[in-house]
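Spelled out, the chains give:
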Amino acid sequence: MSAPITCPKCNAPLAAAIYNRGQVDSCPGCRSPVQVEVFPALFSPPGSAQPGEHVLVPGESSCFFHPQKKAVETCQSCGRFLCGLCDLELHGKHLCPSCVESGQTKGQLERLETQRMLYDNLALITATIPVLVVWPTLATAPLAIFLVVRHWNSPSSIIPRTKIRFVLAFFFASLQILAWIALVLFLIA
Amino acid sequence: MKPESEKYKKLPGRGTRRGRFPITFQYSRLWLGSDHLLMVTSTSWSEVYRRFSFRDIQGFVVRQTAGRRNWNILFGIWAALFALPAIRVEHDTVSNVLWGLAIIPFLALLVNSFRGPTCECQIVTAVQKQFLPSLNRMSVARRVFARVKPHMEQAQGTLTPEEIAARADAWVQAPEAATAMAIREDQDRTGRGLSHYAGQAHLLLFTLLLIESVRAGMDFYFRSTLVTLLAMMTGAAIVIMVIIALVKQQDSAMPGSLRRWTWATFLFVLLLAANGFVHYISLIIQNPDLAHSDAAILQVYVQMAPDESPWMMTSLLLAIFGSGILGGVGLLMVRKFREKRKTPPPLISLDQTPPVSHA
């Protein structure tokens, strides 16, 4: 069983009498107004890992990673036999540890990603902020266009997002390059 | 393996939390997935994701804070500062400009009041407690709970008040509860783990301020090049220490009062530095022939008597009392923090009388 719910301010345990009342009550420690919503997981014992059973009958399928353990699943990515210990369930799929690792490294398992670069924001910043100082746009405008072209198909945010920032970055950077070309032509003329 | 993608739905609320560096902020927002909540923390060019599976969420704790009242006071003062002169000014254009400047904070005050009480919300799982910066208003938190609750019930089932009371009874005798709670306390509002900083830099900073206070007092009776050089060294050490203290207090378990006191010290140090700079420039203007030599300017400064210059007198009094108060109170606060850090928080019995309702 887990520890009691505590007050975010003073860490005093909050009495069960105030759980799920749908209204604000006082913390017994600091008298701060608090509201607590709890769910059955609070009272559930922690789940135990499946260690896997030993192979008893000769010829029985065994785990690819632990040959002495009985296979209970197959990896849905590479097809390897897996024991209870090696079977990793992710988003309803059964995967082996090496597929999970490679999927995480290659960014194929969105569920395991903890960080993403936002190249569209980066391109837009590169195309707009240097305009304030004018001269850096000589370098940053082509850089912004490079970022747009290079990362147009790169994975962006995992939450819904349009490509409008890329479009704007391309538009502003193109304008700056056109302005520089016009200036050069004007000076030559 | 083909890349998978999840369809997320936006949940109400948007908040900020402290960034990795002082004065920087990150934006945070909650999204609803098929079987988990997603907290997205964004900087300008990257996003950090934290997922909370519906099966693992044990609860939400919302604490009502005084943010709305504090902001209303601030907006009220701001509006009054422009509105009062606007009433008295006879010139139409100036009066209109002042009314225009007063109406902005007044509108902000109205919006702030309308949005309801502010709060901080914590999500609790078996292994962590995490603040959710986007749930910063009670109304937003309640709307999010209403959206999430059906998913939670689908994943975990429901709890009746009788079940909660029966199951919570076991806690009163459970000794492991305290240990588990201590583990959970290892998270702070930034979502990163708390550092084990014990306040050494603050201790040194406030000690230096007390030394500076005594040193400034000595200026009335004993002025020499050596004492002035010592003052400059102390000043430089205070500047360095206040920056170190501000960096160290990030992600530490230090109380908010001590953090604010350190920021106040930083502002005081800035004030003293600006005053010293203006004094130095004025000495150069008064003695243009000595401008090329810092040593000569220093000699002129040492020969000045505090009672002959009102500016110097004010500066010294400011240094004596400001440094003394900041240093003395700061030392007491650091001492209290260090003592509290050594003793674990007391466990309060769960079978206390039911708390008073605020609703």
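These figures come from a predicted structure and were not determined experimentally.

Conventions we followed
- Position numbers for residues start from 1 in each chain and track the written sequence from start to end.
- The naming scheme follows written order: chains are lettered A onward, ligands numbered 1 onward.
- Where local features are concerned, this predicted model is filtered to residues with pLDDT of at least 70; where side-chain atom pairs are given and counted, the filter is 80 or more; whole-chain, interface and lining totals use all residues.
- To obtain the side-chain values, all non-hydrogen atoms of the structure were used and water was disregarded.
- Helix numbering and strand numbering both begin at the N terminus, where a helix is a DSSP run of H or I of at least 4 residues and a strand a DSSP run of E of at least 2.
- Only protein chains enter the accessibility calculation, which uses a 1.4 Å probe. A residue is then buried if its area is under 20% of the maximum for its type, exposed if over 50%, and partly exposed in between.
- In this analysis, two residues are considered to be in contact whenever any of their non-hydrogen atoms come within 4.5 Å of each other.
- Calculation of accessible area relied on Shrake-Rupley with a 1.4 Å probe; when residues are assessed, cover is drawn exclusively from the protein chains displayed.
- Here pLDDT means the predictor's own confidence in every residue, given as a number from 0 to 100.
- Think of a patch as exposed residues, more than 30% relative accessible area, with no salt bridge, where like charges cluster within 9 Å and nonpolar side chains (Val, Leu, Ile, Met, Phe, Trp, Tyr) cluster within 5 Å.
- What makes a salt bridge here is a side-chain nitrogen of Lys or Arg within 4 Å of a carboxyl oxygen of Asp or Glu, nothing more.
- If DSSP finds at least two bridges between two strands, the strands pair.
- Orientation is described by axes fitted as lines to C-alpha atoms, over the contacting stretch for helices, and by angles from 0 to 180 degrees between their N-to-C directions.
- For a helix, the expected span equals 1.5 Å multiplied by the number of residues minus one.
- Think of it as the arc spanned by the lines of direction from the helix axis to the C-beta atoms.
- A 1.4 Å probe that fits into a set of points on a 1 Å grid over the protein atoms alone but cannot get out defines a cavity; an open set with protein on both sides within 12 Å along at least five of seven lines defines a pocket, and lining residues are those with an atom within 4 Å of a point.
- Grid points are joined across faces, edges and corners, and a volume is the space filled by probe spheres set on the points.
- Residues are sorted three ways: Asp, Glu, Lys and Arg are charged, Ala, Val, Leu, Ile, Met, Phe, Trp, Tyr, Cys and Pro are nonpolar, and all the rest, Gly among them, are polar.
- Side-chain atoms within 4.5 Å are what join buried Ala, Val, Leu, Ile, Met, Phe, Trp, Tyr and Cys residues into a set we call a nonpolar core.
- All tallies of charge rest on Lys and Arg as positive and Asp and Glu as negative; His and the ends of each chain are not included.
- By the criterion applied in these results, polar contacts are pairs of N or O atoms within 3.5 Å in which, for protein atoms, one can donate a hydrogen and the other can accept it, and in which residues neighboring in sequence qualify only through two side-chain atoms.
- Simply put, the buried area is the total loss of 1.4 Å probe accessible area from both parts when two parts are fitted together.

Visitor: Would you take a moment to explain the overall build of chain B for this structure?
Guide: Secondary structure assignment for chain B yields ten helices and eight strands. Looking at chain B as a whole, 42% of its 359 residues are labelled buried. For chain B, the proportion of contacts with a sequence separation of at least 24, taken over those separated by at least 6, is 64%. Accessible surface computed for chain B: about 20300 Å², of which carbon and sulfur atoms make up 66%.

Visitor: How should I be thinking about the confidence of the model for chain B in this particular structure?
Guide: Residue and element names in this part refer to chain B. In the predicted model, chain B carries a mean pLDDT of 81, and 85% of its residues have values of at least 70. Low pLDDT, under 50, characterises residues 346-359; the predicted model gives this stretch 29 contacts beyond four residues in sequence or across chains. Reported confidences for the modelled complex are a pTM of 0.65 and an ipTM of 0.81.

Visitor: I'm lost on a nonpolar patch on the surface in this one. Help?
Guide: Residues and elements named next belong to chain A. Taken together, the side chains of Trp152, Ile164, Val167, Leu168, Phe171, Phe172, Leu175, Leu178, Ile181 and Leu185 make up a nonpolar region of the molecular surface, amounting to roughly 900 Å² of accessible area. Position of Leu185 relative to the elements: it lies in helix α4 (residues 164-188). Leu185 gets classed as exposed once you look at its relative accessible area, which sits at 53%.

Visitor: Please explain the sheet that holds strand β7 (residues 119-125) of chain B as it appears in this structure.
Guide: Pairing between sheet strands relies on hydrogen bonds along the backbone, with the strands arranged either parallel or antiparallel. The five strands are arranged β1(A)-β2(A)-β6(B)-β7(B)-β8(B) in an open sheet whose pairing can be described as antiparallel. The open sheet has two edge strands, β1 (25-26) of chain A together with β8 (129-131) of chain B, and neither has a second partner. Along the sheet face, helix α3 (residues 138-156) of chain B touches β2 (33-38) of chain A together with β6 (57-64) and β7 of chain B and points at about 170° away from the line of β6 of chain B.

Visitor: Explanation requested: the pattern of salt bridges in the structure shown.
Guide: It is possible for side chains bearing opposite charge to pair when their charged atoms get close. Residues and elements named next belong to chain A. In this structure the tally under the stated criterion is eight salt bridges over all chains. The shortest N-O distance in the salt bridge between Asp25 and Arg21 comes to 3.1 Å. Of the residues examined, Arg21 reaches a relative accessible area of 41% and is grouped as partly exposed. Arg116 serves as the salt-bridge partner of Glu113, at 2.8 Å between the closest nitrogen and oxygen. This pair shows no difference in class: Glu113 is buried, exactly as Arg116 is.

Visitor: Mind showing me how you'd approach helix α3 (residues 137-151) of chain A here?
Guide: Structurally, the α-helix is built with 3.6 residues per turn, so residues lying three or four positions apart point the same way. Residue and element names in this part refer to chain A. When the terminal C-alpha atoms of α3 are compared, their 20 Å separation across 15 residues agrees well with the 21 Å that a helix rising 1.5 Å per residue should span. Among all positions of α3, only Thr137, Thr140, Ala141, Ala144, Ile145, Leu147, Val148 and His151 are buried. Buried residues of α3, seen end-on, are gathered within an arc of 160° and therefore sit on one face of the element. Counted as exposed and oriented over 90 degrees from the buried face of α3: Ala139, Val149 and Arg150. Taken together, the buried residues of α3 touch α2 (119-128) and α4.

Visitor: Any chance you could explain empty space enclosed by the protein here in plain terms?
Guide: Empty space left among the atoms is revealed by rolling a probe the size of a water molecule over them. All names here are of chain A. Taken as a whole and judged by the stated rule, the model has two cavities of 30 Å³ or more. Met117, Leu118, Tyr119, Asp120, His151, Ser154, Pro155, Ser156 and Phe166 together form the lining of the second largest cavity. Of the residues in the lining of the second largest cavity, the class split is five nonpolar, three polar and one charged.

Visitor: How should helix α1 (residues 67-88) of chain B be read in this particular structure?
Guide: Taking 1.5 Å per residue, 22 residues should reach 32 Å; α1 of chain B reaches 32 Å between its end C-alpha atoms and fits that length. In this fold, the buried residues of α1 of chain B make contact with α2 (92-114) of chain B.

Visitor: So what exactly am I meant to see when it comes to the nonpolar core here?
Guide: Within soluble globular proteins, side chains that are nonpolar tend to cluster in buried spots. Within the largest apolar cluster, 24 residues are counted, with the highest numbers of intra-cluster contacts made by Leu37, Ile57, Phe60, Leu132, Leu135 and Val148 of chain B. Mapped onto this core, the elements with two or more residues apiece are β3 (25-32), β4 (36-42), β6, β7 and α3 of chain B. Looking at this core element by element, the count peaks at seven residues for α3 of chain B. Excluding anything up to four places from it in sequence, Ile57 of chain B contacts Phe39 and Ala41 of chain A together with Leu37, Phe52, Ile123, Val124, Thr125, Met152 and Gln156 of chain B.

Visitor: Sorry if this is basic, but what is going on with the pairing of β3 of chain B here?
Guide: Taken residue by residue, a regular strand's side chains alternate between the two faces of the sheet. All names here are of chain B. Bridge count for strand β1 (residues 9-10) against β3 is two bridges, and the pairing is antiparallel. For Lys10, the partnering residue across the bridge sits in β3 and is Trp31. For strand β2 (residues 15-18) and β3, the ladder comprises four bridges, and the chain directions are antiparallel. Each residue of the ladder has a partner; that of Arg18, found in β3, is Phe25. The hairpin formed by β3 and β4 contains three residues between the paired strands.

Visitor: I would appreciate a short explanation of the side chain of Glu47 of chain B in the present structure.
Guide: Position of Glu47 of chain B relative to the elements: it lies in strand β5 (residues 46-53). As a buried residue without a salt bridge, Glu47 of chain B has its nearest oppositely charged side chain in Arg161 of chain A, at a separation of 4.0 Å. A distance of 2.7 Å separates polar atoms of two side chains, one belonging to Glu47 of chain B and the other to Tyr49 of chain B. If near-sequence neighbours (up to four positions away) are discounted, Glu47 of chain B is found in contact with Thr114, Gln115, Arg116, Leu118, Ser157, Ile158, Ile159 and Arg161 of chain A together with Val40, Thr41 and Ser42 of chain B.

Visitor: Just to check I follow, could you spell out the interface of chain A and chain B for this structure?
Guide: By convention, interface size is frequently given as the accessible area that disappears when the constituent parts associate. At the junction of the two partners, chain A supplies 61 residues and chain B supplies 64 residues. A buried area of about 5900 Å², summed over both sides, lies between chain A and chain B, and 61% of it is on carbon and sulfur atoms. Interface area lost by chain A to chain B is led by Pro8, Phe39 and Arg111 of chain A, which between them contribute 12%. One salt bridge in this structure joins Glu37 of chain A and Lys149 of chain B, with 3.6 Å as the shortest N-O distance. Listing elements by their share of the side of chain A that touches chain B, those giving two or more residues are β1, β2, α1 (97-105), β7 (115-117) and α2 of chain A. Of all the elements, β2 of chain A adds the most residues to the side of chain A that touches chain B, at six residues.

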